[in-house]
Every structure is written in C-alpha cells, then in structure tokens.
Amino acid sequence: MRQFLDFEKPVAELENKIDELRQMTDPDGVNIAEETARLSEKAEKHLRAIYAKLTPWQKVQVARHAQRPHAQDYINALLTEFTPLAGDRLYADDKAIVGGIGRFDGQPVVVIGTERGSDLETRLSHNFGMARPEGYRKAQRLMKLAGRFNLPILTFIDTAGAWPGIDAEQRGQAEAIARSIEVCLEAPVPLIATVIGEGGSGGAVALGAGDRVMMLEHAIYSVISPEACASILWRDPKQASTAAETLRLTAQDLSRLGLIDRIIPEPVGGAQRDPQAALASVHDALAEELKALLPLAPARLKELRREKFLAMGRENLS
Amino acid sequence: MSWITEYVRPKIRGLLRRDVPDNLWTNCESCGQMILTKELRRAMNVCPHCGHHMKALVPDRLAWTFDNGECTRIELPPAPVDPLGFRDQKKYTDRLKDARAKSHLDESLIVAHGTIGGYPAVVGVMAIEFMTGTMGAAFGERFVAAARLAVLQKSPLVVFTASGGARMQEGVISLMQMPRTTIGVQMLKEAGLPYIVVLTNPTTGGVTASFAMLGDVQIAEPNALIGFAGPRVIEDTVREKLPEGFQRSEYLLDHGMLDMVVDRKNMRETLARVIGLLMRAPAKPEGEKATQSVAESGAAQTSPAA
Ligand SMILES: [Zn+2]
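The rules behind each value
- Counting starts from 1 at the beginning of each chain's written sequence and moves along it residue by residue.
- The lettering of chains begins at A and the numbering of ligands begins at 1, in the order of writing.
- The predicted nature of this model means local features are confined to residues of pLDDT at least 70 and side-chain atom pairs, given and counted, to a pLDDT of 80 or more, with totals for whole chains, interfaces and linings taken over all residues.
- UniProt positions are given in the numbering used here, feature names are shortened, and annotations may be inferred rather than shown by experiment.
- Comment: elements are numbered from the N terminus, with helices defined as DSSP H or I runs of at least four residues and strands as E runs of at least two.
- Residue burial here comes from a neighbour count, namely the number of other C-beta atoms, placed from the backbone, that lie within 10 Å of the residue's own C-beta, with 20 or more meaning buried, 12 or fewer meaning exposed, and in between meaning partly exposed.
- Two residues form a contact once the distance between their C-beta atoms, set from the backbone, is within 7 Å.
- Charged residues are taken to be Asp, Glu, Lys and Arg, nonpolar residues to be Ala, Val, Leu, Ile, Met, Phe, Trp, Tyr, Cys and Pro, and polar residues to be all remaining types, Gly included.
- Domain segmentation is taken from an automatic or database assignment of domains.
- To form a nonpolar core, buried Ala, Val, Leu, Ile, Met, Phe, Trp, Tyr and Cys residues must be joined through C-beta atoms within 7 Å.
- Any two strands with at least two DSSP-identified bridges between them are counted as paired.
- Only C-alpha atoms enter the line fits that serve as axes; for helices the fit covers just the stretch in contact. Angles between N-to-C directions range over 0 to 180 degrees.
- An angle below 35 degrees is read as roughly parallel, one above 145 as roughly antiparallel, one from 65 to 115 as roughly perpendicular, and any other as oblique.
- Crossing chirality is assigned from the near helix's rotation relative to the far helix, an anticlockwise turn below a right angle marking it left-handed and a clockwise turn marking it right-handed.
- You can read pLDDT as the predictor saying how much it trusts each residue, on a scale of 0 to 100.

The name recorded for chain B in an unreviewed UniProt entry is Acetyl-coenzyme A carboxylase carboxyl transferase subunit beta, from Acetobacter farinalis. Its UniProt record, at the heading Pathway (unreviewed entry), says of chain B: "Lipid metabolism; malonyl-CoA biosynthesis; malonyl-CoA from acetyl-CoA: step 1/1." One UniProt comment on chain B, placed under Subunit (unreviewed entry), says "Acetyl-CoA carboxylase is a heterohexamer composed of biotin carboxyl carrier protein (AccB), biotin carboxylase (AccC) and two subunits each of ACCase subunit alpha (AccA) and ACCase subunit beta (AccD)."

As annotated in an unreviewed UniProt entry, chain A carries the name Acetyl-coenzyme A carboxylase carboxyl transferase subunit alpha and is attributed to Acetobacter farinalis. What the UniProt record of chain A gives under Subunit (unreviewed entry) is the line "Acetyl-CoA carboxylase is a heterohexamer composed of biotin carboxyl carrier protein (AccB), biotin carboxylase (AccC) and two subunits each of ACCase subunit alpha (AccA) and ACCase subunit beta (AccD)." Here chain A is described in UniProt, under the heading Subcellular location (unreviewed entry), as follows: "Cytoplasm".

Rendered as structure tokens:
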C-alpha cells in the first residue's frame, strides 16, 4: 500500500480512481484502458508539479517518509558480499547503527548507516534510528578498521538525532559523538557521507565529517528539528513549517551555502515512490565520487577534508 | 602566518575589572543565604555557606585563571552577518546587537594568553551571557585561531566551556562548527601540546558533543550541568523522573567522563600543575606556588553542595 502525504492528495485521488477502473470488469474494456492512461498521465503531471516546488516543510515530510529506502536497503542493494560487523567491544551492539564490510562495484569498502527500521518490530529494535553511545563507538571502530585496511568508508545518514535518554547520557553520548567526528576527520581513507533522509543534528554529524557530503534531492539536514526549533524560538510547535523554512535545511539551500558537496536527484514523487531508481541514482553518485577520491594519498585526503570544514562559515564573517 | 594578520590583532587590555556591583547583599541561588557581595566576589562567586559555584563572567574568569589576573586578549573577527537571514520572533542581527550590548562582549568565546603558574598558556572562555554561549561560525573561527595561537606559541590551550549548544540562528553552519572546532583540537594534538577542558555550568548540546569532550584532561567545576541532551528533552522522551544528580559534574566523574572535579579556588593551581606535568617542565623549587599547590589540592575536591 502506498502511503500518501497530505499534499499529495490530488495524486492519491487520481490513483485511487485508476485502481477502481482497473478492477472494473466492463465489457467496454478499451475505454477503461484509455481512461486509465489519461488519468495516469494526469497524476504524473500533478506529481511532477508538486515535487518541482516542494516547500521546506513538505521536504521534511518526504525525508521522513516511511517508505523511502533506508540505510539497510542501500547496503543490500549497492554492496555485494556484505558482511555485517557488530558491537563496540565496550558495552553493546547498538542496532540503530548498522555497518560492516562489503564490495561496492567490486571495491572492498566499510559501510556504516543509521537504520530506522521499516515496521513496528524493526523500528523498536533499531530504536527508530536514534543511536546510543555504543552505536557511535561501533562506528568509530569500523572507521578505524577501514583505515587499517585501506578501505574507503561510505556512510548513510538517516536519523532524527542521537538518542536523548538517561542511559545514553550515563554512558557518555556527548563524548561518543565528539570522538566519532574526530575519527571521521582522521580517517586516512576516502569518506563519503550520504544523507538519505533526515540528517538530525549532532547524531548525523558524527557520521558526516567526510570528504564528500551528499544529500538526496529531498533529504534534509538540520541543527535542530523544525518542531523543536518552533517550540523554542516561536514558543509554538505549530510554527514548525515556518521554522523549516527559516532553518535552511533543504539540500538545495545547503548546497547554495557551500555546506554540502552534491545533490543526488530523486525520481519524480521522491525516493519512496521508486526506491529502485533512488538506489541507482545513489550508486552512480557514489561511484563517481569514489573514483575521484581513490587516487588521493592519505595525507592529501585529510588536508583537503580539513580545509573544507575550516572554510565553513568563514566567508560570511564580517 | 597569514591568519595572524588576517584575523588576530593582539591588543593589551590590561587588568579586566568589572564595575563595583550595586547590591550590598546577594542571595545564594542554592541555599538562599544572604552573602555580602564584596565577600562573595572575594570568594570567586562561590557561596561561603554551601559551596555553590555561581556564574562567572568572562573578565572574572580570566582574572582568576591567569597569574596576577594579567592577560592579553586577542581581538578576533566579530560574529557573521546573519548568513541565513534568520528571523524568528526577532531578527538574529537584533539578537546579536542585544547580546553585545548586554554582555559587553562581541561573541560567546573570548580568547586570551598569558601565564598560569608561570607557564605560558592560551585560554578560551565561553560566555553563557552571550546568546547562552551558543556556537556559530564566529565561535568556530575563534576556537581555531586560539588553537593556532597555542601551536604558534608552543603552549597548551585551556578552554572553559559554558553553552546551551549550537546556535540555531545559523542552522547547519552552526552544526559544522562541531567538526571545525575538532580540527582545532587535532592541531594541538599533532603539535604535542596539551588541550585541557574545564566544564562549567551549564555545558550541553553540540558543544559537549565536540571540542568540550575531547580534552587530554577533563576538569569540571562542582555541580555543573554537563550533557548532550538537555534534562527537559530527556524527561519528555523517556517520561521518567531523572535520577538525583543526573548530568552533574560528580555524576560524570562517577561514570568515567571526567578526570576531576575541582573547586574554583583551586582551579589555577590545578591547571598550573597539570600543564607543568604535561609540558614536562622542570619542577619548581620548594616554596614556589606551583609546587605548594600539589600538597594543597592534591586530590579532586567536590563542593559540599554536590
Ligand atoms: Zn549557598
């Protein structure tokens, strides 16, 4: 069952009509086929128009759409011989962060992603993609392993943020995130981060301090959720759409501000509508960036990565 | 190096003294007792009755940290011109103006250099009174400049933290200061220089989750709130009452996130001793300040209020 967002209502209505028509057993079958084709075309046109000018708040909803491909989907589709690795060797295995080794276009890589889960059971086991310190420490372990064996690192970011729980604080959530950022910056191998859905604050940066930071066309990346921002600055959670606009959290805004390196196009109607097309699109972008980064020596990689982050915000200084 | 001419214009400001406070008496916000304001100032804003560490303003912090209260403040670029054109109920540019007028500071990080126990040091002090000590692009620039200055002078960097986290008004630019400040920390690391963090009340959010947790030595003032998520956010998420002392300095010490909790009155001596040891400086002859302090404040001390 396709899940429609509020603003997709006109499309939903048309597609329901099409389904109804298809189930009709009318002797006048030819007309039905014609009508279906006409409605499909209309629906497609609507969809194209809607997605051509999504508002930031609509993008927030698209980015969080449950039927978008998640980290594990990208891993399964883009890697062969994927071998999951688990645990931080200190406390636990946090399933909010998945990862392991595998081959991308034949090239052995380390892959790490925040995984939200896709049904109630897996959402609970993955804690809705909100990692605890052991998740970030697992990520650090995998990134260091990548460095030792000269494997490029691919990360897939899709999280509302790090888990704000008593247990997480107790075990040093802040330190775990800080250290992950440090390990990203120290990696002697290419690190390509892709925000596939929601890039939520520090919990996203922990896997995002890479040579390339890419975002899917309708993904978002934000310092705070628009809802929380609205509660704090407007003292009204209903102002979330205004906050979403003000925060400049879309891929297009962030690219303009020079904070991300590449926007990966999504199929019409978003990645959730045609996951295969989205997976292919991400594959092509990764292949291209990896090809550009692989020849660089470790010292050069680190230097360029550093310069990139050091420049962020500098040009805006008066 | 070009950044010196570009960003850093050293300027000697001499002793940094605030105006004499208007009120004769101050109430302790923890135990409620009345304290002579003059006496409170002499006690470095620590309640003589319960040991509660009250807010420290930047000029005081610098005066307490450096030998004889003397230091050279480094003038650094001001805050950015509102890169996002951010406006909530108020314009970001107006918030910055207000913050400058109220705090008499130009940003939430002030950098100075001088000596601590005779050892040269660069010190960064975060100002909670400047937009709740939030971190934006100008902050990141200053932090990196402080790290570079320390590397240039071959001296350690000490940072006193106090922050509500990232500065929302700068969106993802503010988030990117997490890697940016971390690069500053790496510069010190690569130069083999100590980076010492002193966490003060409160330190939360993106600041805690970046440079504030990456110190070679992690010190905190007693009973400071230190965490990634704020207590209210956690309560709303887990719908549980938070344990007593949760996210306080002593709690972090118990959970292995800190090296020590140090009373304000012992901070300078502690810093001097740690710097001397990490810089492998020759021991000072008997009777000199830095040596005396080893006996005075050998172990971590916690406040009776904790
Ligand atoms: Zn008191």
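Next comes the rest of the account.
### As for the overall build of chain A
Within chain A, the secondary structure is distributed over 14 helices and 8 strands. If one aligns the C-alpha atoms of chain A with their principal axes, the spans along those axes are about 70 × 50 × 40 Å. Every one of the 318 residues in chain A was classed for burial, and the buried ones make up 48%. Of the contacts made within chain A by residues no fewer than 6 positions apart, 69% connect residues no fewer than 24 positions apart.

### Quick look at the overall build of chain B
Looking only at helices and strands, one finds 12 helices and 10 strands in chain B. Each of the 306 residues in chain B was classed as buried or not, and the buried ones make up 51%.

### Notes on the interface of chain A and chain B
Listed per partner, the contact involves 42 residues of chain A and 48 residues of chain B. Classifying every residue of the side of chain A that touches chain B by side-chain character gives 25 nonpolar, 11 polar and 6 charged.

### Observations regarding the domain arrangement of chain A
Assigned domains of chain A: these are domain 1 (13-53) and domain 2 (60-316). Using C-alpha coordinates to define each centre, domain 1 of chain A is positioned 37 Å away from domain 2 of chain A.

### Examining the nonpolar core
Ile 153, Ile 177 and Met 215 of chain A are the most contacted members of the largest nonpolar core, which has 161 residues in total. By residue number, the principal contributor to this core is helix α5 (residues 137-153) of chain B, which donates 10 residues. Excluding residues within four positions of it along the chain, Ile 153 of chain A makes contact with Val 109, Val 110, Ile 112, Met 143, Ala 146, Ala 187, Val 189 and Leu 191 of chain A.

### Describing the environment of Ile 18 of chain A
All names here are of chain A. For Ile 18, the location among the structural elements is in helix α1 (residues 9-23). Considering only alpha carbons, one finds Ile 18 and Thr 36, 18 residues apart in sequence, at a separation of 5.5 Å. Sequence-distant contacts of Ile 18, defined by excluding residues within four places in its chain, comprise Thr 36, Leu 39 and Ser 40.

### Notes on the environment of Gly 210 of chain A
Residue and element names in this part refer to chain A. Its place among the elements puts Gly 210 in the loop between α9 (201-205) and β6 (212-216). With 26 C-beta atoms counted inside 10 Å, the residue Gly 210 sits in the buried group. A sequence separation of 82 residues divides Gly 210 from Phe 128, and the C-alpha atoms of the two residues are 24 Å apart. Beyond its immediate sequence surroundings of up to four residues, Gly 210 is in contact with Thr 155, Cys 184, Leu 191, Ile 192 and Ala 193.

### Quick notes on the pairing of strand β5 (residues 191-200) of chain A
Residues and elements named next belong to chain A. Among the 10 residues of β5, 10 are classified as buried, and the element is accordingly described as predominantly covered. Relative to β5, strand β4 (residues 153-159) runs parallel, the two sharing 6 bridges. Counterpart to Thr 159 in the pairing with β5 is Gly 199. Note that β5 and strand β7 (residues 220-222) share 3 bridges and pair parallel. Within β7, the residue paired with Glu 198 across the bridge is Ile 220.

### Observations concerning the UniProt feature "binding site: Zn(2+)" (unreviewed entry) in chain B
Residue and element names in this part refer to chain B. The feature "binding site: Zn(2+)" (unreviewed entry), as annotated in UniProt, sits at Cys 28, Cys 31, Cys 47 and Cys 50 in this numbering. Over a stretch of 23 residues, the named residues converge on one spot in the fold, their C-alpha atoms separated by at most 8.6 Å. Its place among the elements puts Cys 47 in the loop between α2 (37-42) and α3 (58-65). The exposure class of Cys 47 is buried, given the 23 C-beta atoms found within 10 Å. Contacts of Cys 47, omitting those with residues within four sequence positions, involve Cys 28, Ser 30, Cys 31, Ile 35, His 52 and Met 54.

### Looking at the packing of helix α6 (residues 133-148) of chain A against helix α8 (residues 173-186) of chain A
Residues and elements named next belong to chain A. The N-to-C vectors of α6 and α8 enclose an angle of 20°; their axes lie 8 Å apart at closest approach. Taken together, the axes of α6 and α8 lie roughly parallel to each other. Considering how the two elements wind past one another, α6 and α8 form a crossing that is left-handed. Of α8, the residues touching α6 (which contributes Pro 133, Tyr 136, Arg 137, Ala 139, Gln 140, Met 143 and Lys 144) are Gln 173, Ala 176, Ile 177, Arg 179, Ser 180, Val 183 and Cys 184. When grouped by side-chain class, the residues that make up the contact of α6 with α8 number 8 nonpolar, 3 polar and 3 charged.

### Considerations on the environment of Val 123 of chain B
Residue and element names in this part refer to chain B. Along the chain, the position of Val 123 falls in strand β6 (residues 119-126). We classify Val 123 as buried; it has 27 C-beta atoms within 10 Å. It is 20 Å that separates the C-alpha atoms of Val 123 and Ala 224, two residues lying 101 residues apart in sequence. Residues in contact with Val 123, not counting those within four places in the same chain, are Leu 62, Thr 65, Ala 112, His 113 and Val 158.

### Some remarks on the pairing of strand β2 (residues 97-104) of chain A
All names here are of chain A. As paired strands, strand β1 (residues 79-84) and β2 are joined by 4 bridges and run antiparallel to one another. Bridge pairing in β2 places Leu 79 opposite Phe 104. One ladder, built from 8 bridges, connects β2 with strand β3 (residues 107-114); its direction is antiparallel. Residue pairing for β3: Arg 103 is matched across the bridge by Pro 108.

### Some thoughts on the packing of helix α10 (residues 226-234) of chain A against helix α11 (residues 240-247) of chain A
Residues and elements named next belong to chain A. Two elements in contact, α10 and α11, have axes whose closest approach is 8 Å; the angle formed by their N-to-C orientations is 100°. Looking at the two axes, α10 sits roughly perpendicular to α11. Here Pro 226, Glu 227, Cys 229, Ala 230, Leu 233 and Trp 234 of α10 come into contact with α11, specifically with Ala 240, Thr 242, Ala 243, Ala 244 and Leu 247.

### A closer look at the confidence of the model for chain B
Residue and element names in this part refer to chain B. Scored by pLDDT, chain B comes out at a mean of 87, with 84% of its residues at no less than 70. Between residues 1-19, whose pLDDT stays under 50, and residues either more than four places distant or in other chains, the model counts 28 contacts. As scored by the predictor, the complex reaches a pTM of 0.91 and an ipTM of 0.95.

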